[in-house]
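Close look at the chain arrangement
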Amino acid sequence: MRKPVIAGNWKMHKTISEGFKFIDDIKENVKDTDVEVMLFVPYTMLKSMKDYTDGTNIIIGAQNMHFEENGAYTGEISPLMLKDINVKNTLVGHSERREYFNETDETVNKKILKALEHDIDVILCVGEKLEERENNIEKDVVKKQIIKAFENVSAKMMNKIVIAYEPIWAIGTGKTASSEDANEMISFIRSEIQNLYDDEISEEIRILYGGSVKPTNVEELMNQDDIDGGLVGGASLKADQFIELVNF
Ligand code: PEP
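Here goes a summary of the coordinates provided. (Residues numbered from 1 in each chain as written. Predicted model: local features only at pLDDT ≥ 70, side-chain atom pairs only at ≥ 80, totals over all residues. Heavy atoms only, no water.)

**Focus: the sheet that holds strand β4 (residues 89–92)**
The eight strands are arranged β3-β2-β1-β8-β7-β6-β5-β4 in an open sheet whose pairing can be described as parallel. Every other strand in the sheet has two partners, leaving β3 (58–61) and β4 as the edge strands with one partner each. Between one strand and the next, the sheet's axes are offset by a mean angle of 25°, whatever the strand orientation. Here strand β7 (residues 206–210) pairs with strand β8 (residues 229–232) via two bridges, running parallel. Along β8, the bridge assignment pairs Y209 with G230. Packed on one face of the sheet, helix α5 (residues 105–117) meets β4, β5 (121–126) and β6 (161–165) and runs near 165° to β5. (Pairing = 2+ DSSP bridges. Helix = DSSP H or I, 4+ residues; strand = E, 2+ residues; numbered from the N terminus. Axes fitted to C-alpha atoms, helices over the stretch in contact; angles between N-to-C directions. Contact = heavy atoms within 4.5 Å.)

This is the structure:
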């Protein structure tokens, strides 16, 4: 039985005091859930949010991480720095990182390998662009992303990975993939994991959907066999909506 995940991605939103207020507003309402509750917050509030959520079931993670431990990489944050503040979760390969910050399948792979070396759990984001879906190559695109992302990733490390399927045309646009289309792609990703690894890993790995998930569509998405949760941008910024998502 795969434990569901609701993960908020705050992108470049919220100050520390807003983050604390959000935690005050949600923590009593999400504490009895069977869902894994995660928030990926901006770097400036990572340590304070990590400390503030100590003793709760809310996991705080980073939105990105560099693939070197240190070096001349102005503006970047390394796995050692995350570990230094006890942060053990990161997103890798979000489509906004791929689109605006030159993230490639190669850097995604390097980041995953480095995160795992440092015992940091990863949510790997994959997904196709609108024109790729219109040209019926969405599965080829996602397959390529998956194969490269997991190059040299050993089977025993796969329990530290969650995959988020996020069709780029559905992120922040209000357009959601139909639950059937989302499930079909997620089931395809699961079969690719089976090809790369084995039955057990493909059955156990959690695969989320992301792209305009909100309280009104979460239940239908979660009712699909292969969808194990949501990576949520916009609706994760409002405490009342986030509570509804966790308690779908
Ligand atoms: C995201 O940030 O990964 C995302 C899916 O955003 P939204 O829910 O706003 O579409």
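**Some points on the site of the ligand**
Close to the ligand lie 14 residues; K11, E166, G172, S212 and G233 are nearest. In the model, an oxygen atom of the ligand is placed 3.1 Å from a nitrogen or oxygen of the N9 side chain. For the ligand, whose free accessible area comes to 290 Å², the fraction covered by protein is 95%. Taken together, the residues of the shell around the ligand sort by class into four nonpolar, eight polar and two charged. (Near = heavy atom within 4 Å. Polar contact = N/O pair within 3.5 Å; in protein donor to acceptor, adjacent residues only side chain to side chain. Areas by Shrake-Rupley, 256 points an atom, 1.4 Å probe, with all protein chains shown as cover. Nonpolar A, V, L, I, M, F, W, Y, C, P; charged D, E, K, R; others polar.)

**Examining the environment of S191**
Along the chain, S191 turns up in helix α8 (residues 179–196). By relative accessible area, which is 28% here, S191 ends up partly exposed. Expressed as a C-alpha distance, the spacing of S191 and E203, which sit 12 residues apart in the sequence, is 9.2 Å. (Buried < 20%, exposed > 50% of the residue type's maximum accessible area, 1.4 Å probe, protein only.)

**Some words on the environment of V87**
Secondary-structure assignment places V87 in the loop between α3 (79–84) and β4. By relative accessible area, which is 0% here, V87 ends up buried. C-alpha of V87 to C-alpha of A62: the two residues are 25 residues apart in sequence and 7.4 Å apart in space.

**As for the pattern of salt bridges**
Per the stated rule, a full pass over the model turns up 22 salt bridges. A salt bridge links K148 to E151, with the nearest nitrogen and oxygen atoms 2.9 Å apart. The partly exposed category is assigned to E151, whose relative accessible area is 35%. (Salt bridge = Lys/Arg side-chain N within 4 Å of Asp/Glu carboxyl O.)

**Digging into the nonpolar core**
Ranked by size, the top nonpolar core spans 63 residues in total, and within it I112, F150, I163, I189, I193 and Y209 carry the most contacts. Among the elements that make up this core, the one with the highest residue count is α8 (six residues). Excluding its chain neighbours within four sequence positions, the residues that come into contact with F150 are N109, I112, L124, M158, I161, I163, I193, L196 and Y197. Among the nonpolar cores identified, the runner-up in size contains 11 residues, and F40, L91, C125 and A164 belong to it. (Core = buried A, V, L, I, M, F, W, Y, C linked by side-chain atoms within 4.5 Å.)

**Structural notes on the packing of α5 against helix α7 (residues 138–149)**
Direction vectors running N to C along α5 and α7 enclose 40°, while the axes themselves pass 8 Å from each other. In terms of orientation, α5 and α7 fall into the oblique class. For α5 against α7, the interelement crossing comes out right-handed. Across the interface between the two elements, D105, E106, V108, N109 and I112 from α5 touch K144, Q145, K148 and A149 from α7. Here the contact of α5 with α7 is composed, by residue class, of three nonpolar, two polar and four charged. (Parallel < 35°, antiparallel > 145°, perpendicular 65-115°, else oblique. Left-handed = near helix turned anticlockwise from the far one by under 90°.)

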